[in-house]
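# Coordinates in review
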Amino acid sequence: MENHQLSKMYDYHVWANQLVIQHMKKLPEKVYNENVKSVFSSISEVLIHLYGADIIWLETMKESSFQNTVEIVKRRKSEVAGASIDELEKFYAELSKEFYNFLANEQNLERIIITEHPKYGRCEFVLNDLLTHVVNHGTYHRGNITAMLHQQGEQGVPTDYVYYILASQMS
């Protein structure tokens, strides 16, 4: 996958997250924290999980140690714990800037990342595979959010990739 396509996929991830956040801001505030019988207990938990996971993978791409990554994720997730949707939006925006800065300075997206994991041992990843994982992981959890919204009697927002393409053509 060339850099342009990979960058476009990450743009989609950011667009879709922003779309979900903007949609959540239009709904009654209780919907964000309402307990739901699902994979996560609330939509806020899903969004915080997705935020933390994106940090994990960015730190992995930067070749941070496992322990350092755990510490960074713990600190940053504690900063967003209990955050309103407006506050979380700002954290997401900052994280996407960190990804874009990393990608702007990365010359070789086919580069192999080697990391040590306490459970899996020595792991080798191609950098663009990790970025593809970030996008796919986000898609999966945005689907969780849509299901949770339906459980609460609310509509989701379409975040399929094709809608991103259409939105890109209109702007």
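Residues numbered from 1 in each chain as written. Predicted model: local features only at pLDDT ≥ 70, side-chain atom pairs only at ≥ 80, totals over all residues. Heavy atoms only, no water.

## Thoughts on the layout of surface pockets
Rolled over the atoms, a probe as big as a water molecule pinpoints where empty space is left. The following threshold applies: Buriedness for pockets is judged along seven lines, at least five of which must meet protein on both sides within 12 Å for an open set on the 1 Å grid over protein atoms alone, while cavities are sets there where a 1.4 Å probe fits but cannot get out, and lining residues have an atom within 4 Å of a point. Grid points are joined across faces, edges and corners, and a volume is the space filled by probe spheres set on the points. For helices the rule is a DSSP run of H or I covering at least 4 residues; for strands it is a run of E covering at least 2, with both sets numbered from the N terminus onward. In this classification, Asp, Glu, Lys and Arg are treated as charged, Ala, Val, Leu, Ile, Met, Phe, Trp, Tyr, Cys and Pro as nonpolar, and every other residue, Gly included, as polar.
Estimated volume of the largest pocket: approximately 310 Å³. Contributing to the lining of the largest pocket are 15 residues, with Ile-56, Trp-57, Thr-60, Phe-66 and His-117 lying nearest its centre. Among the elements of the structure, helix H3 (43-61), helix H4 (66-80), strand S1 (112-117) and strand S2 (121-126) are those that each provide at least two residues to the lining of the largest pocket. Among the residues forming the lining of the largest pocket, the class breakdown is nine nonpolar, five polar and one charged.

## Considering the pairing of S2
Note the cut-off: Here, any two strands with at least 2 DSSP bridges between them count as paired.
Here S1 pairs with S2 via six bridges, running antiparallel. The partner of Ile-112 across the bridge, within S2, is Val-126. As consecutive antiparallel partners, S1 and S2 are separated by three residues.

## Topic: the packing of H4 against helix H5 (residues 85-105)
Rules: Axes here refer to lines fitted to C-alpha atoms; in helices the fit is confined to the stretch in contact. Angles between the N-to-C directions go from 0 to 180 degrees. Here the angle decides the label: under 35 degrees means roughly parallel, over 145 means roughly antiparallel, 65 to 115 means roughly perpendicular, and every other value means oblique. The contact definition used throughout considers only heavy atoms, calling two residues in contact when any of these lie within 4.5 Å.
Here H4 crosses H5 at 150°, and the two axes come no closer than 10 Å. By the angle between their directions, the pair H4 and H5 is classed as roughly antiparallel. Residue-level inspection shows Arg-76, Glu-79 and Val-80 of H4 in contact with H5, the latter providing Leu-88, Phe-91, Leu-95 and Glu-98.

## Digging into the packing of aromatic side chains
The cut-off we apply is this: Ring pairs are drawn from Phe, Tyr and Trp, using the six-membered ring of Trp, whenever the two centres fall within 6.5 Å, and their geometry is named by plane angle: stacked under 30 degrees, edge-to-face over 60, tilted for the rest. Only Lys NZ and Arg CZ are tested; either one counts as a charge over a ring when it is within 6 Å of the ring centre and within 35 degrees of the ring normal.
Applying the stated criterion across every chain yields a total of ten aromatic pairs. Connected via pairs of aromatic rings, a cluster forms that spans Tyr-12, Trp-15, Tyr-161 and Tyr-164. Over the face of the ring belonging to Tyr-12 we find Arg-142, whose NZ or CZ atom lies 5.5 Å from the ring centre.

## Section: the pattern of salt bridges
Worth spelling out the cut-off: Here, a salt bridge means any side-chain nitrogen of Lys or Arg that lies within 4 Å of a carboxyl oxygen of Asp or Glu. Remark: exposure states derive from per-residue accessible area (1.4 Å probe, protein chains only) relative to the maximum for the residue type, with buried under 20%, exposed over 50%, and partly exposed in between.
Tallying each qualifying case throughout the model produces nine salt bridges. Taking the shortest distance from any N to any O, the salt bridge between Lys-30 and Glu-34 comes out at 3.9 Å. Of the charged contacts in the structure, one is a salt bridge between Arg-75 and Glu-79, with a shortest N-O distance of 3.2 Å. Within this pair, Arg-75 and its partner Glu-79 are both found in helix H4, separated by four residues, close to a single helical turn. Its relative accessible area of 45% is what places Arg-75 among the partly exposed residues. Connected through salt bridges with shared partners, the residues Lys-25, Asp-86 and Glu-89 form a single ionic network.

## So, a nonpolar patch on the surface
The condition is simple: Only residues whose relative accessible area exceeds 30% and that take part in no salt bridge are eligible for patches, with like-charged residues grouped when within 9 Å of each other and nonpolar side chains (Val, Leu, Ile, Met, Phe, Trp, Tyr) grouped when within 5 Å. Here, Shrake-Rupley sampling with a 1.4 Å probe gives the accessible areas, and only protein chains in the shown set may cover a residue.
The grouping of Val-162, Tyr-163, Leu-166 and Met-170 at the surface amounts to a nonpolar patch, some 420 Å² of accessible area in total. Structurally, the position occupied by Tyr-163 is in helix H7 (residues 161-170). For Tyr-163, a relative accessible area of 38% translates into the label partly exposed.

## So, the side chain of Thr-69
Along the polypeptide, Thr-69 turns up in helix H4. Residue classification places Thr-69 among the buried residues on the basis of a relative accessible area of 8%. Look past the residues within four positions of Thr-69 in its chain and what remains in contact with it is Ile-56, Glu-59 and Ser-64.

## Overview of the packing of H3 against H5
The line we're drawing: Note on convention: the crossing is left-handed when the near helix lies turned anticlockwise from the far helix by less than a right angle, right-handed when the turn is clockwise.
Between H3 and H5, whose axes approach to 11 Å, the crossing angle comes to 20°. One finds that H3 runs roughly parallel with respect to H5. Here H3 runs over H5; the crossing is left-handed. On H5, the residues that touch Leu-47, Ile-48, Leu-50, Tyr-51, Asp-54, Ile-55, Leu-58 and Met-61 of H3 are Ile-85, Leu-88, Phe-91, Tyr-92, Leu-95, Glu-98, Phe-99 and Phe-102. Classifying every residue of the contact of H3 with H5 gives 14 nonpolar, no polar and two charged.

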